[in-house]
Each structure stands twice: as C-alpha cells, then as structure tokens.
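Understanding the architecture of this molecule
Listed here are the chains, written in short residue letters.
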Amino acid sequence: MNARFVETQLQGDVHEQKRPDGIERHTAPAGGWGALKAVAKTLAHQQIIAEGAVTLLKANQPNGFDCPGCAWPDPKHTSSFEFCENGAKAITWELTAKRVGPDFFASHSVTDLWDWSDHKLEDQGRLTHPLIYDHCSDRYIAIEWEDAFNRIAAGLNSLPSPDAAEFYTSGRASNEAAFLFQLFVRAYGTNNFPDCSNMCHEATSVGLPLSIGVGKGTVTLEDFDNCDAIFSFGHNPGTNHPRMMTTLHEASRRGVPIVVFNPLKERALERFAAPQDPIEMTTLSSTPIASAYHQVRTGGDLAALKGLMKRIFERDVADIASGGAGVLDREFIATHTIGLDALKADVEQTEWPEIIEKSGLSLEALDSAVDVYLKAKNVILCYGMGITQHANGTANVQQLANFLMLRGNIGRPGAGICPLRGHSNVQGDRTVGITEIPNAALLDGMEKAFGFRPPAEKGHNAVEAIEAIIDGKSKALICLGGNLAVAMSDPEATFAGMRKLDMAVHLATKLNRSHLLLAKTSIILPVLGRTDLDIQATGRQSVTVEDSMSMVHASRGFLKPPSDQLRSEPWIVAGMARATLGDRHGIDWEGRAADYGLIRDKIEIVFPDFHEFNVRVKIPGGFRLTVAASDRVWKTQSGKAEFLVAPGLDEDARLRDPDALVLATVRSHDQYNTTIYGLDDRYRGVFGRRDVIFMNRYDLKTRGLADGDLIDIEAISGSGTRSVTGFTAVAYDIPPGSVAGYYPEMNHVIALTDYDRKSGTPAYKGVPVRIRRSL
Ligand SMILES: Nc1nc2c(c(=O)[nH]1)N[C@H]1C(S)=C(S)[C@@H](COP(=O)(O)OP(=O)(O)OC[C@H]3O[C@@H](n4cnc5c(=O)[nH]c(N)nc54)[C@H](O)[C@@H]3O)O[C@H]1N2
Ligand SMILES: Nc1nc2c(c(=O)[nH]1)N[C@H]1C(S)=C(S)[C@@H](COP(=O)(O)OP(=O)(O)OC[C@H]3O[C@@H](n4cnc5c(=O)[nH]c(N)nc54)[C@H](O)[C@@H]3O)O[C@H]1N2
Ligand SMILES: [Mo]
C-alpha cells in the first residue's frame, strides 16, 4: 500500500497514546507569550536581568550593534526594537555574567572537560585570558598576548609550505576582521580558507552564479511588501530567522499566499502570534502563515520542482490551445535567458509516477501550488539548508532559479530569489575575500591595494581542509571563531585528525569542544563580542556586516568587556600577522588595528562596490551592494540568465536500499549551531532532551517499533560503520521514509565523503540510514 495513505490513517491516533518522557504535542501558535517567557528564562539563566534587558533594546538600532542571531535584514535599520526570542538568546549568551578564566582551567583538566556536554562547556561563560595548553598539567594556562603571537609565528614559519596550514572563518567575523584575516593569509602564501559557508550556502555560492550570474539573493526587504506570493523551501524561520516572521506575518495578513515545502510541520510556518502585535498578545490570537503546507519527502525537492515545472509547461500548452498567450513570460525568456529547450526536454521526459513517488506529493498538491504560482504576478522564493545540504544541493538551487525564471520572477520589484543566510555576517565574509578560489578581480584588487600578487591556486574548502588534516598534509589550523570539529561530519575521523596537528589556534568568545582537541601547541585567544565596546589607539571603533539582502551597515558594541585581557578580532589578526610576516610586503598591521577606517579604505580598493565605504557606512541603515541580477544584468558566461538541467531525480543511489530511511539533521529551537542553549525544542514538543529521532508511524510499524522505543541508527555508507545507539524514536508528522534528528549529535552517522560534488556542501540533510531497535 502507498505509505503516504497508511501514514494518514495512523497519524490520527498518535496523540491519544501516552507519549515518551519529555515529548508533548505543541498546539499553541509559535511566538506569542511563550517567546517572551523563554527570554525571561534565558536572562535569568545568564544572571543578567537588568543590564541584559536594556542591551536587548540596542540590537539592530542605529549606533547599536548588529544582532549575532541571524542574517535577516532590519527594516531600514532604524525601526523601533523588534522583539526576537532567539536573537535575545544569542545576545544574552554573549552577555552572560559567567566567566571562564585561568582559575577555571586550574580546577579542570582538559581530560575532565572532554567528558562535559557541548552545552555545559559553553555555558561556563566568556573566556577572559589568552591561554596555552600545558602538557605537564593537562591544563590550559594563561599566556601573554605577545608570547602567544610569537609562538603562532614560529608554528607557521616552521611549516614546509604555507599550504600546510588551514585558516577557518566562522560567519560572525566582521568585514574588517575577515578582510584583515584574508590579507594575512594571502600575504603568508595560501588560499586554504575553509569557512562555515562551505557547510551552509556553498550550493548557493556555486549554483546561482551559473544560473543568474551572482551567488547571492536578489530581493530586498521592500520586495516582500510588493510580492503576490511567497514560496518557502527547507528553512525554519520561527527558530532560525525569527525576525523574518514579522515579514511573513505581515504578508499573510495582506492576503499573500505562502506555500511551504518542508518535510516537517514547523509550527511557526503554520501559525504565529507576533510578540510585537498588541492585539494578538492581549487577545491570545494568532495568524496562519502557510496557505498550503506540502510535506515533501526529504531530498524530494528536485522531484517536486520538476513536477511544478512540468505542470507549468502543460498549462502553457493548454492555455495556448484555448487561445491564450501561454503562462510563461516569453518576453523575459527571449530577452534574458538561454537553455529553456533543454530544461523543457528534461522536465517533459520525467514521468509523473516518478515525480510523485520521489517527492511524496500528489499531483493535486503540486497542481494547487502551480495555481498559486500562476496567479501571482510577483513571486519571491525563500530557501535554506533543506535545499543546500544535499548531495545534489547545487542542482536543487539551480532548479529553484529555473522555476522563478519561467515567469520572469527575477530582477523585478516584488519578485526574486531569497537564500536565508546563516551566520550574521557569513555573506559579508565571502564578499570581502574569504574564499578558497580567488578570482582574477580579487587578485588584481589585492595587488592594487597592497603591491603584491597573492597566490592564485585553489585552496581548501572545509571538507578538503579536514581531509588534509586527517591525511597529515596540513599541520596547523587557525580558526577565526566557530567550532569546526563539531560542525563537520564524522567526528571520529575529524577529531582524530585534529589531534595530530602541530598547532591549533582558536579565536573565540566561549570554550567549545574544538578547543579540547589538542595539538602539539594549542592556543585559545579570547575575543571581544558584538556587544563589547571596542576601543583602539585612535578611539572607539565600529565594524561592518552584510546581511542576507546585501545591505552593509555598521555595528558597534557598548558594554564594558568581560575582562581587560580581551582583544578585538582585527587587533588579534594584525598581531598574528605582524609576528609571522614581519614587514613582508610593507603592510602596516598596527595602524590598521588602531583605526578600522583604514581597513575599510583598503576594502574599497580591492572591491570597488564598496566605494566611499567610510562615508556610506555612516548612513543609518547602511547601503546595498550591487547585485547585478536584481537589475537583470547577468554576469554569466553567456551574458544571459541560464536555465540549467539537473538530470534524473535521485539524490543518492544508496537510498534505493528498501530498508533505507533518509535522515535530515536539523537545529532545535534552543541552539545556535553547535552552541546548545538548552535541551528544549518547544515548537516540536520536545523538552529536556535531544536524544530523539522523529519518525513516521508507518516506518515505526514496519520495523516493529513503537513511539518511545529505544533505537540505533546506522549509516548506509560505503566505508566503515557509523552508528549511534540508544536514541528514542518519536512518532511525528513527517513523510514516510524521512526521519529527522538533531545536529551535531547525528554528525556521527555522516561520512566525510557525503557531500555535494559540485559545491562541497556536506549532505547533512540527505543521510541514508537504517534504524533498528536497540539491543
Ligand atoms: N536560533 C538559531 N538561529 C540560527 C541558527 C541556529 O542554529 N539557531 N543557525 C544559523 C545558521 S548558520 C544557518 S545556516 C541558518 C539555518 O537555518 P535553516 O535553513 O532553517 O536550518 P535547519 O534547522 O537546518 O532547518 C532546515 C529546515 O529544512 C527542513 N528540511 C530538511 N530536509 C529537507 C528537504 O530535503 N527538503 C526541504 N524542502 N526541507 C527540508 C527541515 O525540516 C527544517 O525545517 O540559521 C541561522 N540562524
Ligand atoms: N549535521 C549538521 N551539521 C552542520 C549543519 C547542519 O545543519 N547539520 N549546519 C552547518 C552550518 S549551516 C554551519 S554554518 C556550521 C557552523 O559551524 P561554526 O560556525 O564553526 O559553528 P558555531 O557553532 O556557530 O560556532 C560556535 C563558536 O563560535 C565562537 N564564537 C561565538 N561568537 C564569536 C565571535 O564573535 N567571535 C569569535 N571569534 N568566536 C565566536 C564561540 O566560541 C562558539 O563556541 O555547522 C554546519 N554543520
Ligand atoms: Mo550556516
């Protein structure tokens, strides 16, 4: 029997039965008083009630700091305070009154700390001193800054080649810090720039330039005011981009249909009560968000998109046959694109039964989505990790662009593509040069600005960096933030590799597991966070960031830093560079660390789009970088927007195994990537635990399992065995064949070799697994 129908029959009785410990059904809308209560709890947990509450009001305000919570833009950046539960968590996590200083490390050996949970490690508070690992006492001990820089310089200068070092960037780094970091690394002599975007939107950065000539989104926030329909694929805004909920809430109230494609029923996409809406708060009412919710099978988006496009072509033929002008935007297609015939041929030869089976969606469901699409003049399509973190992530992204281009929905007001970026400055870091593949413009710009030509050879992305570390080819790792080892797939292999390094250096605000993977020399350098006042030799500094919609604006902290030993990221990068490079290329490191305006002057030379950077950054709300595709200028090889074909529908041949389930690893409501704020996932009804796997009732039943049973999850992978044991199966509203669990716990079942061959993005949401009862 078709599993989809069995599931519908079985789903009904789930909630009648006794649920496993800590599992409830969340029936309230997302947002609302629950969100306010959660913030109060977080403030109390971090012991910062009065000060913290005041600080939250400065988030995303002119002259304030940029919230590190997500990359969603601010309405003109000048609006009144916009309440955001998870933004508040991100800020208070940094604001915490708790401290991790040398006395903490004197009481805890690294061996002891290793057994702590990721949550407990970070929850100890802000790092206060530069530290070096002491092998005799098995402890981190304080070190002077200059001493740390000299050791880093000695470590880097003793390598056989600059290519034996890896320089990781996590997306919180400001434009100024990231630009200085890439200058340091290129002057040192390598392009080994693994960065968090390699694990995140790399499929966008690689896929979209081939389609529309730019690897970024084409919409602005104002476009949402002018759109007639929103399509949402594979992102969970109620948790991960909560300020987007204000936009979706407004759109829904305006009567704009919001069509969702997501295997999990995410509560905020169903129904949301806006904490800034006094009526909804006082009357306990809420607004439906999705007008239609299509629970596509995990990895079924390619099939769904081909189905949507197939139907559009069929409707086009029918419309013309009945005397209409067709439903495609023929003028846009003729003037601006190439490749439609090949796309059409591919889509037409894809048969309906296969589309329906692989997407898990009925023809009626796809048809209803096409109705909405054709009725709307202007469509915005938003997407996140549910699209990119697949072995065919790049192809997925390109099919999204095809879908929009069929009706000219790119490069006009109210329409466009909107990748939801992750970290608050992940897009900016890329823009200012954090890339392992420098193009000619970057190299020319660097030569013009600094008088030397940096290396042109391709460097390592995140997966390649880890592989080089495991192979022993790379011997040093410097991390500008993040928690690379825990974010990466296959911790067993990754951790073992990290432990073979000669040198590991981490610039960080908080202690995490990557810091405990000891190299011969291990150094932790504590940095100022977004909220901290940054005073340098020439006075108070601000930094800049770029949001998901290419808006660049300033951010400045205002709080007394947690310790007088903390330094800013630009200052630390400059210190490492000065010690390592001396006066090579005559770069004035100290001057730039003293005045970030001088860094911006150089950014402007290397990237002319930042013209008059220091002037324009003073504009409240900042300025928008040029996105050529937004103006229908196509920077592709052909000079046109290109319809691109992705042959077939299969993400991964291993999923043909009749016992296979496809696992998506997702974020809970109480986490920020590897930072686990707490153990609840309120909207999914999970409390006090993370050791669960969401499964369809049908999949439970066919395995002889019941809701709440203990299970083992084993990867179906080519090499070695990977498994986790003793998890709890939770019956959930998810399509049959698809299961979901939390990141990073589930990274143990993801092989390092499971990634999109085009972009290198790990297939974190397409992991073939088998599930059995625990023995
Ligand atoms: N509070 C908070 N905010 C964050 C983060 C955080 O961890 N916490 N992380 C930041 C970062 S770095 C990033 S990249 C973003 C991540 O933001 P999201 O992209 O929302 O990330 P995920 O939680 O991984 O959720 C992806 C969504 O995709 C769905 N999904 C899974 N597989 C598929 C599939 O095959 N197809 C479709 N259509 N959907 C699928 C899941 O059900 C889930 O709803 O958020 C950023 N903001
Ligand atoms: N299975 C699975 N794995 C995934 C994903 C998934 O969906 N599933 N998502 C992937 C994605 S999208 C991403 S982006 C990566 C995230 O990978 P990373 O960006 O490497 O990880 P984070 O957890 O964001 O990093 C947290 C650490 O950053 C440090 N930090 C915080 N603020 C600052 C700051 O201002 N400056 C500095 N220097 N350090 C700071 C703190 O010490 C904290 O411990 O994980 C990836 N891994
Ligand atoms: Mo991300």
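Just so it is clear, the model here is predicted, and its values are computed rather than measured.

Observations concerning the sheet that holds strand β9 (residues 271-273)
- Here three strands make up an open sheet; going across it, the order is β1-β9-β10 and the pairing mixed. Looking at which strands have only one partner, the edges of the open sheet turn out to be β1 (30-31) and β10 (287-288).
- In this structure, β1 lies alongside β9, joined through two bridges in parallel fashion. Residue Ala-30 lies in a different strand from β9, and its bridge partner there is Phe-272.

Considering the confidence of the model for the protein chain
- Summing up the model confidence of the protein chain, the mean pLDDT is 93 and the portion of residues at 70 or higher is 95%.
- Under a pLDDT of 50 for its full length, residues 1-15 has, in the predicted model, 24 contacts with residues more than four places off or in other chains.

Thoughts on the site of ligand 1
- Near ligand 1 you find 31 residues, and of these Glu-266, Gly-299, Asp-301, Gln-671 and Asn-673 are the closest.
- Residue Glu-266 places a side-chain N or O atom 2.5 Å away from an oxygen atom belonging to ligand 1.
- Take Gly-386: an N or O atom from its main chain is 3.3 Å from a nitrogen atom of ligand 1.
- For ligand 1, the accessible surface in isolation is 920 Å², of which the surrounding protein chains cover 99%.
- Where the shell around ligand 1 is concerned, the elements lending two or more residues are α12 (237-240), α21 (385-388), β24 (661-666) and β25 (671-672).
- Among the domains, domain 1 (3-26 + 650-773) and domain 4 (202-419) are the pair contributing at least three residues each to the shell around ligand 1.

A few points about the sheet that holds strand β30 (residues 738-742)
- Taken together, the six strands give a closed barrel; going around it, the order is β24-β30-β27-β29-β28-β31, and neighbouring strands pair in mixed fashion. When the angles between neighbouring strand axes are averaged without regard to direction, this sheet yields 45°.
- In the sheet, strand β28 (residues 710-715) pairs with strand β31 (residues 767-773) via five bridges, with the strands oriented antiparallel. Within the sheet, the bridge partner assigned to Glu-714 lies in β31 and is Arg-770.

Describing the site of ligand 2
- Taken together, 33 residues surround ligand 2, and among them Glu-122, Tyr-168, Glu-569, Thr-674 and Asn-747 come closest.
- The side chain of Ser-170 places a nitrogen or oxygen atom 2.7 Å from an oxygen atom of ligand 2.
- Here a nitrogen atom of ligand 2 sits 2.8 Å away from a polar atom, N or O, in the main chain of Ala-487.
- In isolation ligand 2 exposes 930 Å². Once the protein is present, 97% of that is buried.
- Sorting the residues of the shell around ligand 2 by element identifies α26 (484-487) and β16 (503-508) as the ones contributing at least two each.
- Here the shell around ligand 2 is composed, by residue class, of 14 nonpolar, 13 polar and six charged.
- Three or more residues apiece are contributed to the shell around ligand 2 by two domains, here domain 1 (3-26 + 650-773) and domain 3 (99-195 + 425-611).

Brief notes about the environment of Leu-221
- Examined against the element boundaries, Leu-221 turns out to sit in helix α11 (residues 221-226).
- Along the primary structure Leu-221 and Val-552 are separated by 331 residues, whereas in three dimensions their C-alpha atoms are 14 Å apart.
- Each residue touching Leu-221, except ones within four places of it in the same chain, is listed here: Trp-72, Pro-73, Asp-74, Pro-75, Thr-247 and Met-549.

Some words on the environment of Pro-20
- Following the sequence through the fold, Pro-20 ends up in the loop between α1 (3-11) and β1.
- As a C-alpha pair, Pro-20 and Asp-709 span 689 residues in sequence and 8.4 Å in three-dimensional space.
- If we skip the residues at most four places from it in the chain, Pro-20 touches Arg-689, Asp-707, Gly-708, Thr-728 and Ala-729.

Calculation criteria
Residues numbered from 1 in each chain as written. Chains lettered and ligands numbered in written order. Predicted model: local features only at pLDDT ≥ 70, side-chain atom pairs only at ≥ 80, totals over all residues. Heavy atoms only, no water. Pairing = 2+ DSSP bridges. Helix = DSSP H or I, 4+ residues; strand = E, 2+ residues; numbered from the N terminus. pLDDT = per-residue confidence, 0-100. Contact = heavy atoms within 4.5 Å. Near = heavy atom within 4 Å. Polar contact = N/O pair within 3.5 Å; in protein donor to acceptor, adjacent residues only side chain to side chain. Areas by Shrake-Rupley, 256 points an atom, 1.4 Å probe, with all protein chains shown as cover. Domains from an automatic or database assignment. Axes fitted to C-alpha atoms, helices over the stretch in contact; angles between N-to-C directions. Nonpolar A, V, L, I, M, F, W, Y, C, P; charged D, E, K, R; others polar.

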